[in-house]
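# Structure at a glance
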Amino acid sequence: MLKNCWAVMDSAWHSAFGKIILFGEHAVVYGVKALAASIPDAVKARVQASESAAALHIPSWSITCELNQEGAEDLLHRMFALICDELGLRDKQFSLELEPNIPTASGLGASAAIAVASIRALNAGFRLGLSDENINQLAFQCEELAHGKPSGLDNTLATYGGLLEYQRSATSVRFAPLSGTQPVQLVVALSGKKGFTADMVAAVRSLKEREPELVQRLFNKIDAMRVAGSKALLEGDLATLGHCFSENHRCLRELGVSCEEIEKVLSVAEKQGVYGAKLTGSGGGGAVILLPQDEPATLLKHLKRAGFESLLVNV
Ligand code: PMV
């Protein structure tokens, strides 16, 4: 009889996108439209036959996650178990290997990219015939494990990539590419502090309960910045785009989701000349996007000298 391990039919690498939110984080949780761009190959995954029970490995982070490990309650275990259960793979023998190229808890969508890359690899490995939308939906369930009531933006970007407008209302989810924009290079700098989405979303919820009018005013301003910023992207008007980023950041600061480390990155960058900048993702740490006025390489060098790691993203 063939062992379960022979069932793996595709061991190629499969990848998922990370993301940067250009406009609308937090507001998107309450139905406001957001605009986000993807980071290619943020996480890669492949599945291989194995002689033992299903396990997930992330060699570069020294993580091994066995499906049947007693008492393992961390997020990665719960995500892996959910994926295996939903795909009917709990009894299969395989090794799922992940290669992340972005850090976790940085607002770059690592958890959603881990879910999507894993599901894509398993889908191919076991010829499950899932559509992109099936993959997106299962990754959304994983995001619910990660932070309660996600907007769904991260898993959608992780699945489809591109530059997407995204909106979730009480009854529907709509997303579409924003096409015809001029190419823009953004610098993404890591503040060095981890940001935890669930905590930040809870903090905004609590502020909204205490000060509904203030929060609504900030959400309206964020939406206006998205509209003006999208127009500037279409017209290649970098000065206006940068201004919209900075105004969106001011709103996020008023929502209470910036922090000392993020503000430090902004002040280093401002000295080097940027059209504008904002935190991206949930904040409380994590990453900042910067629109440089000159050669991005110069800004990257200054950030490095100030102790901040950064990368370039083409939008
Ligand atoms: O920090 P991240 O990558 O998890 O992004 C969170 C974005 C929020 O708008 C704050 C939450 C959400 O679910 O959209």
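Structure report, in brief. Computed from a predicted model, the values in this text were never measured in an experiment. Starting from 1, residues in each chain are numbered consecutively following that chain's sequence as written. Local features are withheld for residues below a pLDDT of 70 in this predicted model, meaning they are given only at 70 or higher, and side-chain atom pairs are given and counted only at 80 or more; totals for whole chains, interfaces and linings count all residues. Side-chain calculation: all heavy atoms of the structure are included, whereas hydrogens and water are not.

Take unusual backbone geometry next. Excluding glycine, residues mostly have negative phi values, and the peptide bonds linking residues are mostly trans. Within the chain, Ala105 stands out as a residue other than glycine whose phi angle is a positive 50°. Within the secondary structure layout, Ala105 lies in the loop between β5 (94–100) and α2 (110–125). Burial classes follow relative accessibility: with a 1.4 Å probe on protein chains only, a residue under 20% of its type's maximum area counts as buried, one over 50% as exposed, and anything between as partly exposed. By relative accessible area, Ala105 is classed as partly exposed at 23%. Even without being glycine, Arg127 reaches a positive phi, approximately 45°. Along the polypeptide, Arg127 turns up in the loop between α2 and α3 (132–147). On the basis of relative accessible area, Arg127 is assigned to the exposed category, the value being 59%. In this description a helix means any DSSP run of H or I spanning at least four residues, a strand means any run of E spanning at least two, and both kinds are numbered starting from the N terminus.

This part is about the sheet that holds strand β11 (residues 310–314). Spatially, four strands are ordered β9-β10-β8-β11 in an open sheet, and the strand pairing comes out antiparallel. Both edges of this open sheet fall to β9 (274–280) and β11, since each of them pairs with a single strand only. Mean inter-strand twist for the sheet, computed between neighbouring axes without regard to direction, equals 25°. Taken together, the five bridges between strand β8 (residues 185–190) and β11 define a ladder with antiparallel strand orientation. Bridge assignment links Leu186 to a residue of β11, and that residue is Val313. Contact definition: two residues touch when any of their heavy atoms are within 4.5 Å. Inter-axis angles, ranging from 0 to 180 degrees, are taken between N-to-C directions of lines fitted to C-alpha atoms, where helices are fitted over the stretch in contact. Where helix α8 (residues 260–272) meets the sheet, it contacts β8, β9 and β10 (287–292), and its direction lies at approximately 165° from that of β9. Those strands touched by helix α9 (residues 296–305) are β8, β9, β10 and β11, and its axis lies near 5° from that of β8. Any two strands between which DSSP finds at least two bridges are classified as paired.

Our next topic: the site of the ligand. Inspection of the region around the ligand gives 17 residues, with Lys19, His26, Ser151, Thr197 and Ser282 positioned closest. Polar contact is defined as a pair of N or O atoms within 3.5 Å, subject to the rule that within protein one atom must be able to donate a hydrogen and the other to accept it, and that residues adjacent in sequence are counted only when both atoms are side-chain atoms. At 2.9 Å, a backbone N or O of His26 approaches an oxygen atom of the ligand. For the ligand, an oxygen atom lies 2.5 Å from a polar atom in the side chain of Ser151. Contact with the protein chains covers 96% of the free accessible surface of the ligand, which is 380 Å². For each residue, the test is whether any non-hydrogen atom lies within 4 Å of the molecule or strand; if one does, the residue is near. We get accessible surface area from the Shrake-Rupley algorithm with a probe of 1.4 Å; when it comes to residues, only the shown protein chains can shield them.

Since one α-helical turn is 3.6 residues long, residues separated by three or four positions face the same way. Any helix carries an expected span of 1.5 Å times its number of residues minus one. Taking 1.5 Å per residue, twelve residues should reach 16 Å; helix α1 (residues 75–86) reaches 16 Å between its end C-alpha atoms and fits that length. Here the buried face of α1 lies against β3 (55–58), β4 (63–66), β5, α2 and α3. Gly88 occupies a position one or two residues after α1 and carries a positive phi of about 70°.

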